[in-house]
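Letter by letter, the chains look like this.
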Amino acid sequence: MLFLNTTIDGLQLGLCFAVLALGLYISYSILDFPDLSVDGTFPLGGVVCTILLYRLGINPLLSLPITFVFGAAAGLLTGILHVRFKMSKLLAGIIMMTGLMSVTLALTSLLTDDGSPSVIFGFIQKNVKIPTLFSPEKGDLYITAVLLVITVICKVIIDLFFRTKLGYMIRATGSNETLVTSLGKNPGLYKIIGIAAAGGFTAVSGALYAQYTLNYDNTCGSGKVVLALASIIIGTAVFSGIRFLSDTSAVIFGAIIYSLCLNYIVLLDTNGIYTKLLNAVLFALILIFNGKISEFLGRKKGLKKTQSKQSIPQGFGGQQDD
Amino acid sequence: MIELDKITKIFGINTVNENILLSDFSFKAEKGDFVSIVGSNGSGKTTLLNLIGGSLTPEKGKIYLDGEDITGKPEYLRSRRISRVYQNPALGTVPDMTIFENLMLAENKNKPALLTFAKDKKKTDFYRELLSGLGLSLEDKLDIKTGLLSGGQRQALALVMSTMTKTDLLLLDEHTAALDPKTAEIIMRLTDKVVKEKNITVLMVTHNLRFAVEYGNRTVMMHKGQIVIDKGGNDKENLKVSDLLGTFNEISVECGN
């Protein structure tokens, strides 16, 4: 029973974090921008959503697009720091992350009655429960379904976005900036748009997490970059070779797998001392076996690439000889 | 028409390594000219292209494209009228995107990239026809990522992409240098064909003296930021590789190479 609960928990958390991983997929995988500001944008989404629900009484579903806007604004700033002020990718992220920690803490003062900031804010206040998308009394099936629908909507939005002309330009920017310049477009603009979109999805994930756990914790951002990164790496390593599965779906599955692993670790390590160490070991193992997993499964992208490469006639030198 | 007026370009300004590469350098190419530029390393050929393309800005002087002063214009804005093919075949295409997607990008040059769907299946026939002209059977590989193509195939595609929309000036930066001799020959012939079809003004930097003699209507040799040979019209027709090589050797002896 404990195992089953852990599995369900892991699945649901995995779906929450899948949206986060999708966000980092845009900045990290597509734009090659390892955005460390995620650790700050994630709680920002959480606190903004909590304020919207508790103070403004906004519909829990409607709170998600609004949090997206706040996250996108944070992403916009990260992008501007990097593009306009030529800061390195990592530094721009670190600066935003550091700054946002204070911003989120300051925002929590809007939640407390005496206006003092509070690190933790529960969703049950004076015996009144703040309405969320996931009322626990409706059962796990309902909660999982709602999470799944939201995650899939995010995935579809991202998939569609990257099929537009704007999406093409962002993909091209991540892959070859020189070419984007040659096309008469400013690659900096597309970087900023992409990083902003990534920030938006990160914030939505933070909002989902707060609503799901019925709790806003100002420290919930720590380690989220690693979590998202692990999800992307697992997802793309294990699933990317499957032809009909898009990268975004692979990332979602990666997030679920990683989150399940984390939950099982908690199950193993009952007194909680070695949880973080085991997390680290797990992540290290994933990185070490990154290529091996897919090789073992025999359907890695790289493998497919080399095969298809052989099927292409060698250059045109070869064809000229014919 | 492209004109450089009294350009001065200094590298490492105000340092011990200060190097005045171009000083009061003037150059002009008429509309429809195909100028080949040769010269030893460090003679300022590539700097010349970078100054025109916009990745470098001169310390002094003006650059005019068809009479318009483009000296201070950012690179991406200049690219709307100037196309470029680089020495590195990887720079001319997006390796993570298919040939089809690359062509869509190129066709959308100078048009806004908004939230409209990019892929238009109706274009397939047009693209196939466009690529079949190359004779490299790229038309059958529309859905293959360009990262999987050979250097020569990529360079041919880059050439097609850079001339797909109307362009006033084409800069070729040693675009055959990274290719094997045979492929280089093919790309060079292709370049000549495209340029003649579209009647584009071309500046081509090359280390291949034979290409410099055989192609285009004007040959320029640069040395230490100066033009040492400039042959156009009939003079160019009579120019031989040996003439260029002769001057090259003189220069090299001077430099102690």
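What counts and how
Residues numbered from 1 in each chain as written. Chains lettered and ligands numbered in written order. Predicted model: local features only at pLDDT ≥ 70, side-chain atom pairs only at ≥ 80, totals over all residues. Heavy atoms only, no water. Phe/Tyr/Trp six-rings, centres within 6.5 Å; stacked < 30°, edge-to-face > 60°. Buried < 20%, exposed > 50% of the residue type's maximum accessible area, 1.4 Å probe, protein only. Lys NZ or Arg CZ within 6 Å of the ring centre and 35° of its normal. Contact = heavy atoms within 4.5 Å. Buried area = accessible area lost by both parts, 1.4 Å probe. Salt bridge = Lys/Arg side-chain N within 4 Å of Asp/Glu carboxyl O. Polar contact = N/O pair within 3.5 Å; in protein donor to acceptor, adjacent residues only side chain to side chain. Helix = DSSP H or I, 4+ residues; strand = E, 2+ residues; numbered from the N terminus. Pairing = 2+ DSSP bridges. Patch = residues over 30% accessible without salt bridge, like charges linked within 9 Å, V, L, I, M, F, W, Y side chains within 5 Å. Areas by Shrake-Rupley, 256 points an atom, 1.4 Å probe, with all protein chains shown as cover. Axes fitted to C-alpha atoms, helices over the stretch in contact; angles between N-to-C directions. Right-handed = clockwise from strand over helix to strand, strands pointing away. pLDDT = per-residue confidence, 0-100. Parallel < 35°, antiparallel > 145°, perpendicular 65-115°, else oblique. Left-handed = near helix turned anticlockwise from the far one by under 90°. Nonpolar A, V, L, I, M, F, W, Y, C, P; charged D, E, K, R; others polar.

Chemist: Please explain the packing of aromatic side chains as it appears in this structure.
Modeler: Any two aromatic rings considered together are summarised by their centre-to-centre distance and by the angle between their planes. A complete count under the given rule lists 11 aromatic pairs over all chains for this structure. With a centroid separation of 5.9 Å and 75 degrees between ring planes, the pair formed by Phe-211 of chain B and Tyr-215 of chain B is classed as edge-to-face. Judged by its relative accessible area of 1%, Phe-211 of chain B is buried. Residue Tyr-215 of chain B is classed as buried on the basis of its relative accessible area of 8%. Ring pairing ties together the aromatic residues Phe-17, Phe-42 and Tyr-209 of chain A, which thus form one cluster. The positively charged end of Arg-171 of chain A is found above the aromatic ring belonging to Tyr-168 of chain A, 5.3 Å away from the centroid. Sitting over the ring of Phe-11 of chain B, Lys-9 of chain B keeps its end group 5.3 Å from the ring centre.

Chemist: Got a minute to help me understand the interface of chain B and chain A in this structure?
Modeler: Accessible area lost on assembly of the parts is the figure often given for the size of an interface. If you look at the interface, chain B gives 45 residues, while chain A gives 32 residues. In total, chain B and chain A occlude about 3,300 Å² of area from one another, counting both sides; carbon and sulfur atoms represent 64% of this. Put simply, chain B and chain A have 1 salt bridge between them. With a closest N to O distance of 3.3 Å, Glu-101 of chain B and Arg-171 of chain A form a salt bridge. Taken together, the links from chain B to chain A amount to 13 residue pairs in polar contact (both at pLDDT 80 or more). Within the residue set of the side of chain B that touches chain A, elements represented by two or more residues are α2 (75-78), α3 (99-107), α5 (151-162) and α6 (181-198) of chain B. With 5 residues, α3 of chain B is the largest single contributor of residues to the side of chain B that touches chain A.

Chemist: What exactly am I supposed to notice about the sheet that holds strand β5 (residues 68-69) of chain B here?
Modeler: Strands belonging to one sheet form pairs held by backbone hydrogen bonds; the direction of such a pair is parallel or antiparallel. Residues and elements named next belong to chain B. Here 4 strands make up an open sheet; going across it, the order is β2-β1-β4-β5 and the pairing antiparallel. Two strands in the sheet have a free side with no partner beyond their single neighbour: β2 (19-29) and β5. In the sheet, strand β4 (residues 60-65) pairs with β5 via 2 bridges, with the strands oriented antiparallel. Paired with Tyr-64 across the bridge in β5 is Asp-69.

Chemist: Explain a nonpolar patch on the surface here, please?
Modeler: Residues and elements named next belong to chain A. A cluster of nonpolar side chains, contributed by Ile-273, Tyr-274, Leu-277, Leu-278, Val-281, Leu-285, Ile-288 and Phe-289, occupies part of the molecular surface with about 770 Å² of accessible area. Mapped onto the elements, Ile-288 comes out in helix α11 (residues 275-288). When its relative accessible area of 55% is taken as the criterion, Ile-288 is described as exposed.

Chemist: Could you clarify how one ought to interpret the pattern of salt bridges in this entry?
Modeler: Between side chains of opposite charge, a pair can form as their charged atoms come close. On inspection of all chains with the given rule, the structure shows 21 salt bridges over all chains. For Asp-159 of chain A, the salt bridge identified is with Lys-155 of chain A, shortest N-O distance 2.7 Å. Of this pair, Asp-159 of chain A and Lys-155 of chain A both sit in helix α5 (residues 140-161), 4 residues apart, which is roughly one turn of that helix. Among the salt bridges present, the one from Asp-173 of chain B reaches Arg-84 of chain B, with a minimum N-O distance of 3.5 Å. Highlighted residues: Asp-173 of chain B in strand β7 (residues 169-173) and Arg-84 of chain B in strand β6 (residues 82-85), separated in sequence by 89 residues. Considered together, Asp-173 of chain B and Arg-84 of chain B belong to a single accessibility category, that of buried residues. One continuous salt-bridge network, built from bridges that share partners, spans Lys-31, Asp-66, Glu-68, Lys-73, Arg-81, Lys-166 and Asp-168 of chain B.

Chemist: Sorry if this is basic, but what is going on with the sheet that holds strand β10 (residues 226-232) of chain B here?
Modeler: Residue and element names in this part refer to chain B. Across the sheet, 6 strands lie side by side as β6-β7-β8-β3-β9-β10; this open sheet has mixed pairing. Here the strands that pair on one side only, and so sit at the sheet edges, are β6 and β10. With direction set aside, neighbouring strand axes in the sheet form an average angle of 15 degrees. Strand direction decides the pairing type here: strand β3 (residues 34-39) and strand β8 (residues 201-205), joined by 4 bridges, are parallel. From the neighbouring strand, Val-35 faces β8, where its bridge partner is Leu-203. Where helix α1 (residues 45-53) meets the sheet, it contacts β3, β6, β7, β8 and β9 (218-223), and its direction lies at approximately 145 degrees from that of β7. Sitting on the sheet, α5 is in contact with β6 and β7, with an inclination near 180 degrees to β6.

Chemist: Please clarify how the pairing of β8 of chain B should be interpreted in this entry.
Modeler: Successive residues of a regular strand alternate their side chains across the two faces of the sheet. All names here are of chain B. The element β8 is largely enclosed, with a buried count of 5 among its 5 residues. Taking every second residue as pointing to the same face, both faces of β8 are buried, with Thr-201, Leu-203 and Val-205 on one and Val-202 and Met-204 on the other. Tracing the backbone out of β7, into α6 and back to the parallel element β8 gives a crossover that is right-handed.

Chemist: Mind showing me how you'd approach helix α6 (residues 165-175) of chain A here?
Modeler: Leu-166, Gly-167, Tyr-168, Met-169, Ile-170, Ala-172 and Thr-173 of chain A are the residues of α6 of chain A that are buried. Lining the buried residues of α6 of chain A we find α1 (2-30), α5, α7 (177-182) and α8 (187-213) of chain A together with α3 of chain B.

Chemist: Where do I start with the side chain of Thr-93 of chain B in this structure?
Modeler: For Thr-93 of chain B, the position within the fold is in the loop between β6 and α3. Judged by relative accessible area, which is 0%, Thr-93 of chain B ranks as buried. Among all residues touching Thr-93 of chain B, those that are not within four sequence positions of it are Asn-176 and Leu-179 of chain A together with Asn-102, Thr-146, Arg-154, Leu-157, Ala-158 and Met-161 of chain B.

Chemist: Help me understand the confidence of the model for chain A, please; the structure alone is not making it clear to me.
Modeler: Parts of the model with low pLDDT should not have their predicted coordinates read in detail. Per-chain confidence: chain A averages 86 in pLDDT, with 89% of residues scoring 70 or above. Below a pLDDT of 50 lies the segment residues 300-322 of chain A, which in the model reaches 33 contacts outside its immediate sequence neighbourhood of four places, other chains included.

Chemist: What's the story with the side chain of Thr-165 of chain B in this structure? I'm lost.
Modeler: All names here are of chain B. Summarising the element assignment, Thr-165 is placed in the loop between α5 and β7. Exposure remark for Thr-165: the relative accessible area of 18% places this residue in the buried category. Setting aside residues no more than four positions away along its own chain, Thr-165 makes contact with Ala-106, Glu-107 and Lys-109.

Chemist: What's the story with the packing of α1 of chain A against α5 of chain A in this structure? I'm lost.
Modeler: For any two helices packed against each other, the geometry comes down to the angle between their axes and how far apart the axes lie. Residue and element names in this part refer to chain A. Running from N to C, α1 and α5 point in directions that differ by 15 degrees, and their axes come no closer than 10 Å. In terms of orientation, α1 and α5 fall into the roughly parallel class. Here α1 runs over α5; the crossing is left-handed. Seen from α1, the contacting residues are Ile-8, Leu-11, Gln-12, Leu-15, Cys-16, Ala-18, Val-19, Leu-22 and Ile-26; seen from α5, they are Asp-140, Ile-143, Thr-144, Leu-147, Leu-148, Thr-151, Cys-154, Lys-155 and Ile-158. For the contact of α1 with α5, the class distribution of residues is 13 nonpolar, 3 polar and 2 charged.

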